[in-house]
Amino acid sequence: MECENPDFILTGQGINSGIEVVEACDPREQAEWTRFAKNVQASEEPISRDIGLMDPQRKPKFRNLVQRAIFSKAKKSSSDVDQLLIYSNTDLDNFEDLEWKLSALEACENPGSKFSKIWIISGRDVFCLAS
């Protein structure tokens, strides 16, 4: 199996870290966004989009998206990758504060402790999961 090299490497005084960047998203949600955007362009009337903020499955769904990104990169990344940067591209964490995001992700696993740090970019928040 071919391994992916780091997307970028941070080097400096006592630092040499390979970082891989990955998106946490649901392809079905992405397809829905595309359909919505096309409908908005074709319509002369404003169209609203339901985000489903009251869905009790939002936390587990968000955790699963992030977990899939971690597992995917753990399998594909070369040994030169020691940190992972995940950017959230989903409605699941929209309008949520950092406490909600941390509690949603507290059960995420780092397979075999592949990554020394796993960074998450979610809205205006940037935080590190314990590894």
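To be clear, the structure that these remarks concern was listed above.
Computed from a predicted model, the values in this text were never measured in an experiment.

Attention shifts here to the overall build of the protein. When helices and strands are counted, the protein shows three helices and five strands. Walking the protein from its N terminus toward its C terminus, one meets helices and strands in the order β-β-α-α-β-α-β-β. Taking the principal axes of its C-alpha atoms as reference, the protein extends roughly 55 × 30 × 30 Å. For the protein, the share of sequence-separated contacts (at least 6 apart) that also reach a separation of at least 24 residues comes to 72%. Accessible surface, the protein as shown: approximately 8400 Å² in total, 51% of it carbon and sulfur. Distance between charge centres in the protein, computed from 16 positive and 22 negative side chains, equals 3 Å.

So, about helix α2 (residues 58-76). Residues three or four positions apart in an α-helix share a direction because the helix packs 3.6 residues into each turn. For α2, built from 19 residues, the straight-helix expectation of 27 Å at 1.5 Å per residue is met to within 8% by its first-to-last C-alpha distance of 27 Å. Those residues of α2 that fall on the buried side of the exposure criterion are R58, F62, L65, V66, Q67, A69, I70, K73 and A74.

Attention now moves to a nonpolar patch on the surface. Together, F8, L10 and I15 give the surface a local cluster of nonpolar side chains, amounting to about 260 Å² of exposed area. Owing to a relative accessible area of 42%, L10 belongs among the partly exposed residues under this scheme.

Relative to the helices and strands, S77 is located in the loop between α2 and β3 (83-88). You can call S77 buried: its relative accessible area is 5%. Polar contacts involving the side chain of S77 include one to the main-chain carbonyl oxygen of K73, which spans 2.7 Å. Leaving out residues up to four positions away in the same chain, S77 has contacts with C3, E4, E20, K114 and F115.

All right, on to the packing of aromatic side chains then. Using the criterion set out here, one finds one aromatic pair in the structure. Ring centres 5.8 Å apart and planes at 35° place the aromatic pair F62 and W100 in the tilted group. Taken together, the positions of F62 in helix α2 and W100 in helix α3 (residues 98-105) put the pair 38 residues apart, joining distant regions of the chain. Considered together, F62 and W100 belong to a single accessibility category, that of buried residues.

So, how was this worked out
Residues numbered from 1 in each chain as written. Predicted model: local features only at pLDDT ≥ 70, side-chain atom pairs only at ≥ 80, totals over all residues. Heavy atoms only, no water. Helix = DSSP H or I, 4+ residues; strand = E, 2+ residues; numbered from the N terminus. Contact = heavy atoms within 4.5 Å. Areas by Shrake-Rupley, 256 points an atom, 1.4 Å probe, with all protein chains shown as cover. Lys, Arg positive; Asp, Glu negative; His and termini not counted. Charge placed at Lys NZ, Arg CZ, Asp CG, Glu CD. Expected span 1.5 Å × (residues − 1). Buried < 20%, exposed > 50% of the residue type's maximum accessible area, 1.4 Å probe, protein only. Patch = residues over 30% accessible without salt bridge, like charges linked within 9 Å, V, L, I, M, F, W, Y side chains within 5 Å. Salt bridge = Lys/Arg side-chain N within 4 Å of Asp/Glu carboxyl O. Polar contact = N/O pair within 3.5 Å; in protein donor to acceptor, adjacent residues only side chain to side chain. Phe/Tyr/Trp six-rings, centres within 6.5 Å; stacked < 30°, edge-to-face > 60°.

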